[in-house]
Structures are given as structure tokens and as C-alpha cells.
Amino acid sequence: VIMALLAVACDKRGQTGESLALLQQAVELSAPGRVVQPFVELGAPMAGLLKLMVERGHAVDTCNRLLAAFSDEEPDSATAVSSAETITAHSDDLAQWREILTNREYEILLLLEQRLRDKEIADQLCVSTETVKTHLKNIYKKLDATSRRDAILKAVQLGILSNV
């Protein structure tokens, strides 16, 4: 996870060679356990680096597997199903939420449940309030929620959070 994050940071500083070296190590370490989530959570910058690795012929199979986890396409509106409906349809599988929410979004949801404000959540997670707001928007979209309270209620209904 840290190597992948460092790879993105190096790339942003224009240190492409060092970035690719770090990413290659991260990809090789992730291959045996087929770890995907840390790469996907880094978003478009990571996808760009993985594509560059494929172009250069480094760890092509693993990079392609990781790239397949990135969702670049919007679903067709006629066949689109909200994430909340997807979870509900599989509510007997409590692990289903992990395919919908990132680990960070789940952490924020847990802190929302404690009625913490954005600043308090940001302080606990060592991120900016803008990052918290971005995660909240993603949570609302994925749970088809319109507010903090609505997100908590839907998460409880879907079995993502326990009803305390």
C-alpha cells in the first residue's frame, strides 16, 4: 500500500523512473494475494501508472488484472442499478459491502455513526476536510442517500452497520 502511494507521489513530482520502480515492487508484492483495493483506491493516477507499466512490458498480467478492477465506464441508464439495490439483493452476504464501499468510506461511515463533524473525522483519519467531503459524496452516491442521517439509516438497513 505504501509503495503504491509513494509511486503516485513520485509520479506527481515528475520522477517517473522512481515511480515505476516503486510500483513494480508494489505490484509484485500484491500478486500472490491478488490484492487489488489499495491500487483502485488511488484512482486515475494509479491507473495511468499501471497502463504505463503495461506499455513498457513490466508485470503485464498483474497490471492488466489490476486495471480490470478500475471502472472507467458509466453503466447504461436503462440497465443501471444503484449500489444500494445491489447490496439489498445480496443482503445475506455480509461481505458484499466490501465490493461497494472502500475501506476509507467504511471508516468514515463508522465515524458518521458517532455523529462526528467533518473536521473531527478529518482529524481522526489524518486527512483534509475536503477529502472527507469527497468520501461523503461517494458514500451518498453508493448508498443512494441524501444526507448523513440517511446514509447511516440505509447502511443499517443494508447490514453494513449494526443497529445499535
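Everything that follows concerns the structure shown earlier in this document.
Just so it is clear, the model here is predicted, and its values are computed rather than measured.

Thresholds, definitions, all that
- Within each chain, residue numbers correspond to sequence positions counted from 1 in written order.
- This being a predicted model, a pLDDT of at least 70 is required before a residue's local features are given, and a value of 80 or more before pairs of side-chain atoms are given or counted; all residues contribute to the totals for chains, interfaces and linings.
- Calculated side-chain values reflect all of the structure's heavy atoms, with hydrogen atoms and water omitted.
- Here a strand is any run of E in DSSP of at least two residues, a helix any run of H or I of at least four, and the numbering for each starts at the N terminus.
- Only protein chains enter the accessibility calculation, which uses a 1.4 Å probe. A residue is then buried if its area is under 20% of the maximum for its type, exposed if over 50%, and partly exposed in between.
- Throughout, a contact is declared for two residues whenever any of their heavy atoms are within 4.5 Å.
- When a carboxyl oxygen of Asp or Glu is within 4 Å of a side-chain nitrogen of Lys or Arg, the pair counts as a salt bridge.
- Axis angles are defined between N-to-C directions and span 0 to 180 degrees, where every axis is a line fitted to C-alpha atoms and, for a helix, only to the segment in contact.
- Our angle categories are set so that under 35 degrees counts as roughly parallel, over 145 as roughly antiparallel, 65 to 115 as roughly perpendicular, and the remainder as oblique.
- Crossings are assigned a handedness: left-handed for a near helix turned anticlockwise from the far helix by less than a right angle, right-handed for a clockwise turn.
- Gly is put with the polar residues, along with every residue not named as nonpolar or charged; the nonpolar set is Ala, Val, Leu, Ile, Met, Phe, Trp, Tyr, Cys and Pro, and the charged set is Asp, Glu, Lys and Arg.

Novice: Quick one: what's the story with the side chain of Ser19, residue by residue and with numbers?
Specialist: Here Ser19 lies in helix 2 (residues 16-30). Exposure remark for Ser19: the relative accessible area of 0% places this residue in the buried category.

Novice: Provide a residue-level description of the environment of Ala31, including the pertinent values.
Specialist: In this structure, Ala31 sits in the loop between helix 2 and helix 3 (37-41). A C-alpha to C-alpha distance of 9.4 Å links Ala31 and Ala59, two positions 28 residues apart in sequence. Setting aside chain neighbours within four positions, we find Ala31 in contact with Thr62 and Arg65.

Novice: Just give me the short version of the pattern of salt bridges, but keep the residues and values in it.
Specialist: Enumeration according to the criterion identifies seven salt bridges in this entry. With a closest N to O distance of 3.6 Å, Glu120 and Arg117 form a salt bridge. Among the residues examined, Arg117 registers a relative accessible area of 54% and is labelled exposed. The partner of Asp118 in a salt bridge is Arg148, and the shortest N-O contact between them spans 2.7 Å. Separated by 30 residues along the polypeptide, Asp118 in helix 9 (residues 118-125) and Arg148 in helix 11 (residues 148-157) bring together distant segments of the chain. Owing to a relative accessible area of 28%, Arg148 belongs among the partly exposed residues under this scheme.

Novice: Now, about the packing of helix 1 (residues 2-12) against helix 2: what can you tell me, with residues and values included?
Specialist: For the pair helix 1 and helix 2, interaxial distance at closest approach is 8 Å and the crossing angle is 165°. In terms of their interaxial angle, helix 1 and helix 2 are classed as roughly antiparallel. Once helix 1 is placed against helix 2, the crossing between them reads as left-handed. Contacts between helix 1 and helix 2 involve Met3, Ala4, Leu6, Ala7, Val8, Cys10 and Asp11 from the first element and Thr16, Glu18, Ser19, Leu22, Leu23, Gln25, Ala26 and Leu29 from the second. Partitioning the contact of helix 1 with helix 2 into residue classes produces 10 nonpolar, three polar and two charged.

That's the geometry; what it means functionally is another story.
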